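Chain by chain, the residues run as shown.
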Amino acid sequence: MKKGHKSFQSLRGMKDILAEDHLYYDSVLWTAKKIFEFYNFQRIETPLLEEAELFAKGVGKKTEMIEKQMYLLRNKENKELLALRPEGTAPVMRAYLEKGMFNLPQPVKLYYFGPFFRHEKPQAGRYRQFYQVGAEIIGEDDAAIDAEIILISKVFLESLGFPKKDIYLLINSIGCLDCRRLYIREIKRHYKKHNKQICSDCRRRLEENPLRVLDCKNEKCFLVKEEVPSILDYLCSECRDHFKSVLDYLDYLNIPYILDKTLVRGLDYYTKTVFEFYLDSKSNKISLGGGGRYDKLAEAIGGFEKPAAGVAFGVERLIQEMIQRGKKLKLPAPKLFLVQIGEPAKKMSFKILEQFRKENIPLGENLGKESLKSQLKTADRLGAQYVLILGQQEVLDGMIILKDMRSGLQELIPLDKIIPEVKKRLQRQNSK
Ligand code: AMP
């Protein structure tokens with residue numbers, strides 16, 4: 001770096017995804033494709049930018065995500081306030097309404113994979129740009145849909161290699177707006193009784209968005225939170241029956257769960273079922289993914305009532321757990337490397353590369369280099385087993401040198417025979 005010149009770094013909480021990292025991202029994406037598409041989900045990718053109001057109306061103005069975590073920018077022409085998407089469900093519902101997907105046979109099942117942005121405090125497993133893989137089932141309010149989303153989530157986690165016994169599910173119901181109204185009154189009463197034992201954030205939350213006190217991680221509030229009444233005691237008969245039915249399905253499917261009366265999730269659009277997935281490991285106290293039912297979201301963003309349920313997983317967290325559990329993915333190194341010496345050989349190399357590509361045989365090269373020594377050095381560093389050497393004389397004779405890097409032996413092979421020869425050797429090696 002030149003003295004006095006600024007050196008740039010990626011922003012805090014954001015990272016470059018390099019080739020080795022992509023192996024893990026791809027593995028999560030391919031597993032998601034395999035599982036979700038089997039269950040008839042179709043892939044959707046919404047834009048990274050949306051009107052900020054979509055999230056304020058969908059997720060809730062008084063949530064941390066909207067108040068503190070959105071990356072906002074203004075459109076130059078009409079000064080419209082835009083947001084880098086902090087989550088995937090509101091945009092998917094926007095697309096469902098905008099594209100008239102309610103005219104398709106219901107429910108509509110969609111899944112997505114892509115980056116999201118939240119201005120949170122970066123820490124282990126928490127980034128400002130992170131990937132989520134999520135799935136939504138829109139158009140049905142039956143409890144079987146909630147169970148289906150949970151079942152598919154579990155199948156997805158197991159297909160990523162996490163043992164069944166390590167996956168655990170926390171579940172709760174936060175009811176409908178009516179039952180929540182009663183419950184919120186009860187929460188306020190309980191917390192106000194212990195006003196001196198709670199943090200200042202919770203005092204503020206009690207005024208602005210009381211359910212959020214249950215998300216509080218401050219130790220000061222721990223005891224008060226422990227003794228909070230359960231929302232399940234305040235559910236109306238419809239919400240109680242719905243939740244009972246979800247749990248019945250889970251029992252039938254042999255999916256163990258832990259009822260967690262303080263699980264409310266950070267987004268206002270949830271109704272009835274909410275759940276989170278964790279892995280039973282000491283290193284992981286953060287959730288891998290979560291979701292629930294959101295029957296009022298469509299209405300909140302200007303549509304009509306459309307019941308729905310969904311889930312989203314944090315891809316970086318899945319990858320971190322895969323690595324911690326010993327999953328090793330390595331970039332494949334080409335077994336062959338093409339060395340060229342002199343201009344005619346360099347030109348001929350373009351043709352040889354094409355022939356190898358058509359046969360689907362990976363071939364390393366550096367067409368920018370001239371010297372034999374430096375090209376052999378690169379081949380060695382890449383771990384190539386065979387090197388093909390093409391000089392001026394070989395081009396004239398229609399031949400190419402095949403060098404075995406382990407034995408050092410060299411053979412002269414006719415150019416038009418090199419592909420079958422190389423195939424034969426690679427096959428012989430694979431069968432050893
Ligand atoms: P949410 O959209 O908040 O329901 O989060 C769903 C999942 O996304 C979480 O369980 C995490 O695995 C992941 N996630 C949420 N926020 C972040 C973040 N800032 N960094 C990394 N992963 C995140």
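Here, the structure is the one placed above.
Within every chain, residues take consecutive numbers counted from 1 along the sequence as written. Only residues with pLDDT of at least 70 are given local features in this predicted model, and only at 80 or more are side-chain atom pairs given and counted; all residues enter the totals for whole chains, interfaces and linings. Side-chain metrics in this entry use all non-hydrogen atoms of the structure; hydrogen atoms and water are not considered.

## Considerations on the overall build of the protein chain
Helix and strand counts for the protein chain come out as 15 helices and 16 strands. Between the two quantities, the radius of gyration covers C-alpha atoms and the globule rule is 2.2 Å times the number of residues to the power 0.38. Over its C-alpha atoms the protein chain spans a radius of gyration of 29 Å, topping by over 25% the 22 Å that the globule rule assigns to 432 residues. Viewed in the frame of its principal axes, the protein chain has a C-alpha envelope of about 90 × 60 × 45 Å. Across the 432 residues of the protein chain, 50% fall into the buried class. Only heavy atoms matter for contacts: two residues are in contact if any of them lie within 4.5 Å across the pair. Sequence separation of 24 or more characterises 69% of the internal contacts of the protein chain that already satisfy a separation of 6 or more. Areas reported as accessible are Shrake-Rupley estimates using a 1.4 Å probe. Residue values count occlusion only from the protein chains shown. Carbon together with sulfur atoms contributes 52% to the accessible area of the protein chain, which is approximately 23100 Å² in total. Note that His is not counted, nor are the chain ends; the positive residues are Lys and Arg, and the negative ones are Asp and Glu. One atom stands in for each charge, and that atom is NZ of Lys, CZ of Arg, CG of Asp or CD of Glu. Computed over 74 positive and 59 negative side-chain charges, the inter-centroid distance for the protein chain is 5 Å. Counting from the N terminus, the helices are DSSP H or I runs at least four residues long and the strands are E runs at least two residues long. Three exposure classes are used, based on accessible area relative to the maximum for each residue type with a 1.4 Å probe and protein chains only: buried under 20%, partly exposed in between, and exposed over 50%.

## Side note on the site of the ligand
Near the ligand lie 14 residues; those nearest to it are Arg118, Glu120, Tyr127, Arg265 and Ser287. Separating an oxygen atom of the ligand from a side-chain N or O atom of Arg118 is a distance of 2.7 Å. Here Gly289 contributes a backbone N or O atom positioned 3.2 Å from an oxygen atom of the ligand. A total of 490 Å² of accessible area belongs to the ligand in isolation, and the protein chains cover 92% of it. The set of elements that each furnish at least two residues to the shell around the ligand consists of β6 (129–138) and β11 (308–314). Throughout, near means a residue has at least one heavy atom within 4 Å of the molecule or strand. Throughout this description, a polar contact denotes any pair of N or O atoms lying within 3.5 Å of each other; where both atoms belong to protein, one of them has to be capable of donating a hydrogen while the other can accept it, and for residues adjacent in sequence the pair is counted only when both atoms sit in side chains.

## A look at the packing of aromatic side chains
Geometry of aromatic contacts follows a simple scheme: Phe, Tyr and Trp rings, the Trp one being its six-membered ring, pair when their centres are within 6.5 Å, and the pair is stacked under 30 degrees between planes, edge-to-face over 60, tilted otherwise. Counted under the stated rule, the structure contains 16 aromatic pairs. Judged by centre distance (5.1 Å) and plane angle (85°), the rings of Phe38 and Tyr39 are edge-to-face. Ring geometry for Phe156 and Phe313: centres 5.3 Å apart, planes at 55°, overall tilted. Residue Phe156 is located in helix α5 (residues 143–159), and its partner Phe313 is located in strand β11; the two are separated by 157 residues in the primary sequence. Its relative accessible area of 0% is what places Phe313 among the buried residues. Ring-pair connections join several aromatic residues into one group, and the members of that group are Phe36, Phe41, Tyr111, Phe156, Phe275, Phe277 and Phe313. If you follow Lys15 out to its NZ or CZ, it ends over the ring of Tyr127, 5.4 Å from the centre. As a reminder, the over-ring test applies to NZ of lysine and CZ of arginine, requiring each to be within 6 Å of the ring centre and within 35 degrees of the ring normal.

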